[in-house]
Every structure is written in structure tokens, then in C-alpha cells.
Amino acid sequence: MKDIVIGTAGHIDHGKTTLVKYLTGKDTDTLPEEKKRGITIDLGFSFLELPENKKIGIVDVPGHEKFIKNMTAGVSGIDYIILTVAADDGVMPQTEEHFNIIKLLGVKHGAVVLTKCDLASPEQKEKAKENIKNLVENSFLENSEILEVSIKNLVSYENLKNYIIKDIEKIKKSENFSENYNKKDFKMYVDRSFSVKGFGTVVTGTVLSGEVSINDFLYIYPKNIKVKAKGIENHSVKVEKIKAGNRCALNISGIEKDEINRGDIISSYNNFPSSKIVHVMFEPLKNFAVKNSEKVKIYIGTKEIKGKIRILEKNSESFSLKYISELLLDEEITAEFGEFGIIRSLNPPQTIGGFKVLSLSQKKADKKDREYIKNLISLDKNIKIQENINGRLIEIICNFHKNFPLKRGTLSAQLKNRYFNDLKNREFRNLIDENIKNESLKCEKILKKNTFQLRISK
């Protein structure tokens, strides 16, 4: 089961960095320009300390609209968001845009925090809370408690910290926090690349899937350069290996720091495709329109890239407004089936929607090719089916543990016959195998019965 990374979101000067400082004891504004101007410009990194020497990584993002590319890079690998709103200011434009980005990237968990409560009157706080409720209506934060903090009441930060830790523990016990795609291979989007004297090139990022160990061979995409992991750190602590859901610094050989850029992928998989043409399912935000062949900025992982969006066809099988679309990029990228991304207009610069990757192509799509368009719609449907099946499997086994706490697990044959009779035997085995590989499930053979029982990994 993968670990969890937290991210912040909210308008400029709404207390994100101060919140991280009081939660973790670290000021994530480290650049001289950040100190001088008193605002966050680039990404900041810290962690919450847990019992048994465990840590939860936190990514602090800038709130100014000019640094939205840094914000999207920071939240691309997170599982849990802390949405901050200043009590004396209320919901502001970047609060809304940040929250839209978070939803479009598929984040499903988080907390809402009302900051600067010492600067607001009771009336201002109530108004801010009402604005927040309107903002998060019909979203994953709709029923979240609005937690208040103030630098004049340090206990409020300790209460927030305890709330977040308990919430994350509850989430990890009840849900599957694994990648739905490419589960076994190590994969990380690079958010920083630099050189350390005596060690060489170092890249950092959030591990999205798989695991990496010292001396493993890896590949940098889209250039497909082979490198070797010489050293690994997690929050400045040297480790022998690291898995999904953790912040990671990799010391690698075989490449210079200038050959790696933010947005590149480092992976154990040696055959990722790359292309300038990406076919996606595009979902525009409400009240935002996009013109055919409009020039846009595309954000995927930690990558920002310019290009055009070409609408191929409206997806008539979807309940919401979605379009099968083609992204024509200015440079090659590496992307996987099912990955989330963001699209922003150039003028005015604003988020207009999100997308899921369906396929990479070496040639433009022909709108008249009905078979190909149907295949793209089918791919989008397969994403939803896989997500639903996987979630159903974990939910059923979790419920089994709740109802029969003394039993070690449920029999796989009974699980298949009772709940997944619509799947072929091979499809069911593949579903189980994938969840065992990503450590969501454990499988034990019962010799006397010549069968297997499944349980949630602890």
C-alpha cells in the first residue's frame, strides 16, 4: 500500500507557508527572493513526523497566479490537500482556481483550514465559512469540517496536525492508495534537478508508483537516457530503497543535471513511448469554452508545455460535457494511459479544464475515421470500469474484515463467484495479481482446501 503526500492550496497571502511552518517546524520559503518579497515563488518541502519514525511529506505551493505552473507541478503527485482560506479575506480568485485544479487532477481527500482567525471579526469568519461551503459544494470536501487556526493560538495548529494525522490513518485503512495504472514500475516526475559537489546529479520528486533501490538502473524520459541510482534520500535521511507516496531525492550517474528538466520522468520501465500528439478526454470547467485549435498551455505531472487543442468529437456517452480531443504539442512528452492533466488558456491566463490521457499517436487523427474515434471513447470507458472494479474489490474485502474481524481473509473463489461473476477468470486473476503487486492485498494459500484467501495489507 502506497504512502500519502500532502499538498497545500489557496490564494496568495492566505497563510499556506505559515501553516506548514507551524505544523512541521520548517520554513519552506528558502529562496532569497521569497524572503525579500514575503511570498512563495517556487515549491517548498517539509514533512509531518509520526510515531515509529514515520513521516508524511508536505508540498507547499505558491498562491500567486503568475506562479501557477509551479503550483500545478507541486500538486501533481499529492493524495491529500489542505485548502487554506484567510478568515479576513474569504474565498479569492486563486482559491477557486487552485481548487478547480485539485479536482481536475483527481484528488479525493483533504481538509479545509480557515487561517488568520485572529485578524477577523466573528462576522468575517462566518462570511468566509459560508463562501467556503459554496465553493466546496458537491465536491469531495463538501462534508469537511472547517478547522480554524491562528498564530496567537498555537494549540490550534497542534489540533490541526492531530486531525490530519487521524484523517490520513483512517483513509489508509479504508481505501486503496495505489496507482491504477503501471503499478509495478518505479515512476517519478522530476520537480528539481541540481548538482552536489562530490556526488553529482540529484533529482527530486514524489514517487508515483513502484519502488527504487540503490544500484537500480532507471531511464529518463522523453530522452530515454539510461542512468543508475547511486543514492536515495527521503527528507534528508539516507535510505536503501523508497516506494510510492514518498518524497524522494535520487543521486544518479550517467547524466548531467543540465540534461534533465522539471517535467521529465524517471522510471524503471525501459520502453515508454513519447510523442507530440496526445489524444485525451477533455472536460472543460463550467462556464469556460474552448475554441477549436486554440493555443493553450498544458500541464501534466510537473511538466508545462505549449500547444494547441483540437476538438475531435463530443462524447455523447458521458453524462457531463466531455470532448474527445487532440493535443498538438510544441515538443515531445511521455505520458501514460489514464494520467490527469490541466489545460489553461493563454489570454486571459486561466484554467479552462482538465483531461485524461487516452493514447499517444505519431500522426494527427482523422475526424472521419469513425472507428478510431469510437476506440478513443471506448478507452475512456475502460478507465472508469477499471477504477470502479478496483474500488469495489477493496471495499468488499474491507467490509469482510469489519464483519469477520477474527478471520484472516476471504476465499478468492467465493469472492469471484459472489461479487465478480461478470469477470472472466483471467480478468479476475489479473485484478487480484495487480493488487498483490502494489501491496494493497495479501494472498495466502490454504493447503488443505487447495484454495487461496485474500486480505487487506496492513
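Predicted model, so just to flag it, every value in this text is computed and none were measured.

### Thoughts on the overall build of the protein chain
Line of reasoning, step 1. Each helix and strand in the protein chain was counted, giving nine helices and 24 strands.
Line of reasoning, step 2. Within the protein chain, buried positions represent 53% of all 458 residues.
Line of reasoning, step 3. In the protein chain, once contacts between residues fewer than 6 apart in sequence are set aside, the share between residues at least 24 apart is 69%.
Line of reasoning, step 4. With the model as given, the accessible surface of the protein chain reaches about 22,800 Å², and the carbon-plus-sulfur share is 47%.

### Some remarks on the nonpolar core
Buried together is how nonpolar side chains tend to be arranged in soluble globular proteins.
Line of reasoning, step 1. The biggest cluster of nonpolar side chains holds 35 residues, and the ones touching the most others in it are V75, I102, L114 and I132.
Line of reasoning, step 2. The set of elements that each furnish at least two residues to this core consists of β1 (5-9), α3 (68-75), β4 (80-86), α4 (93-104), β5 (109-115) and α5 (122-136).
Line of reasoning, step 3. Setting aside residues no more than four positions away along its own chain, I102 makes contact with A9, M71, V75, I78, I81, V107 and F140.
Line of reasoning, step 4. Of all hydrophobic cores here, the second largest spans 23 residues; its members include Y221, V296, I298 and I305.

### Overview of α4
Line of reasoning, step 1. Taking 1.5 Å of rise per residue, twelve residues should cover 16 Å, and α4 covers 17 Å from first to last C-alpha, within 8% of that figure.
Line of reasoning, step 2. Among the twelve residues that make up α4, nine are buried, leaving the element largely enclosed by the rest of the structure.
Line of reasoning, step 3. Positioned one or two residues after α4, G106 has a phi angle of 85°, which is positive.

### A short note on the packing of aromatic side chains
Line of reasoning, step 1. Applying the stated criterion across every chain, the model contains four aromatic pairs.
Line of reasoning, step 2. Seen in terms of ring centroids, F99 and F140 are 5.9 Å apart; in terms of plane orientation they differ by 40°. Their pairing is tilted. Here F99 is found in helix α4, whereas its partner F140 is found in the loop between α5 and β6 (146-148), with 41 residues between them in sequence.
Line of reasoning, step 3. With centroids separated by 5.2 Å and ring planes inclined at 75°, the aromatic side chains of Y221 and F272 adopt a geometry described as edge-to-face. In this pair, Y221 sits in strand β10 (residues 217-221) while F272 sits in the loop between β15 (265-267) and β16 (274-284), placing the two residues 51 residues apart along the sequence.
Line of reasoning, step 4. When its relative accessible area of 1% is taken as the criterion, Y221 is described as buried.

### Some thoughts on the environment of Q453
Line of reasoning, step 1. Tracing the backbone shows Q453 in strand β24 (residues 451-456).
Line of reasoning, step 2. The spacing of Q453 and L411 is 42 residues in sequence and 4.2 Å in space, taken between C-alpha atoms.

### A few points about the environment of A244
Line of reasoning, step 1. With respect to the helices and strands, the residue A244 is situated in the loop between β13 (241-243) and β14 (247-253).
Line of reasoning, step 2. With relative accessibility at 7%, the residue A244 sits in the buried group.

### Considering the sheet that holds strand β17 (residues 294-300)
Line of reasoning, step 1. In space, the six strands of this closed barrel follow the order β16-β19-β18-β17-β20-β21, with antiparallel pairing throughout. Pairs of neighbouring strands in the sheet enclose a mean axial angle of 45°, with direction left out of account.
Line of reasoning, step 2. Both strand β20 (residues 340-345) and strand β21 (residues 350-361) contribute to a ladder of six bridges, which runs antiparallel. Bridge pairing links F340 to K356 in β21.
Line of reasoning, step 3. The sheet strands contacting α4 are β16, β20 and β21, and the helix crosses β21 at an angle near 20°.

### As for the side chain of S359
Line of reasoning, step 1. Structurally, the position occupied by S359 is in strand β21.
Line of reasoning, step 2. Taking relative accessible area as the criterion, S359 reaches 18% and is therefore assigned buried.
Line of reasoning, step 3. Side chain to side chain, S359 and Y372 meet in a polar contact 3.5 Å long.
Line of reasoning, step 4. In this view, S359 contacts I277, V278, H279, Y372 and L376; residues no more than four positions away in its chain are not counted.

### Quick look at the environment of E336
Line of reasoning, step 1. Relative to the helices and strands, E336 resides in the loop between β19 (323-334) and β20.
Line of reasoning, step 2. On the accessibility criterion, E336 (14% relative accessible area) is buried.
Line of reasoning, step 3. For the pair E336 and P273, spaced 63 residues apart in sequence, the C-alpha separation works out to 8.6 Å.

### Quick word on the packing of α3 against α4
Line of reasoning, step 1. Axis separation between α3 and α4 bottoms out at 11 Å; the angle between their running directions is 40°. Here α3 and α4 pass one another in a crossing that is right-handed. The segment α3 lies against α4, with I68, M71, T72 and V75 engaging Q94, E97, H98, I101 and I102.
Line of reasoning, step 2. Within the contact of α3 with α4, the residues separate by chemical class into five nonpolar, three polar and one charged.

### A word on the sheet that holds β4
Line of reasoning, step 1. The strand order across the open sheet formed by six strands is β2-β3-β1-β4-β5-β6, and the pairing between neighbours is mixed. At either end of the open sheet lies a strand with only one pairing partner, and these are β2 (44-49) and β6. For this sheet the average axis-to-axis angle between neighbouring strands, irrespective of direction, equals 30°.
Line of reasoning, step 2. Relative to strand β3 (residues 55-60), β2 runs antiparallel, the two being bridged by six bridges. Within β3, the position partnered with F47 by the bridge is G57.

### What to know about unusual backbone geometry
Line of reasoning, step 1. A cis amide bond links Y221 to the next residue, P222, at an omega of 15°.
Line of reasoning, step 2. Relative to the assigned elements, P222 resides in the loop between β10 and β11 (225-234).
Line of reasoning, step 3. Its identity as a non-glycine residue notwithstanding, D13 has a phi of 65°, on the positive side.
Line of reasoning, step 4. A relative accessible area of 55% places D13 in the exposed class.
Line of reasoning, step 5. One non-glycine residue, S293, lies in the positive phi region at around 65°.

Analysis parameters
Residues numbered from 1 in each chain as written. Predicted model: local features only at pLDDT ≥ 70, side-chain atom pairs only at ≥ 80, totals over all residues. Heavy atoms only, no water. Helix = DSSP H or I, 4+ residues; strand = E, 2+ residues; numbered from the N terminus. Buried < 20%, exposed > 50% of the residue type's maximum accessible area, 1.4 Å probe, protein only. Contact = heavy atoms within 4.5 Å. Areas by Shrake-Rupley, 256 points an atom, 1.4 Å probe, with all protein chains shown as cover. Core = buried A, V, L, I, M, F, W, Y, C linked by side-chain atoms within 4.5 Å. Expected span 1.5 Å × (residues − 1). Phe/Tyr/Trp six-rings, centres within 6.5 Å; stacked < 30°, edge-to-face > 60°. Pairing = 2+ DSSP bridges. Axes fitted to C-alpha atoms, helices over the stretch in contact; angles between N-to-C directions. Polar contact = N/O pair within 3.5 Å; in protein donor to acceptor, adjacent residues only side chain to side chain. Left-handed = near helix turned anticlockwise from the far one by under 90°. Nonpolar A, V, L, I, M, F, W, Y, C, P; charged D, E, K, R; others polar.

Remember, this is a structural readout, not a statement about activity or role.
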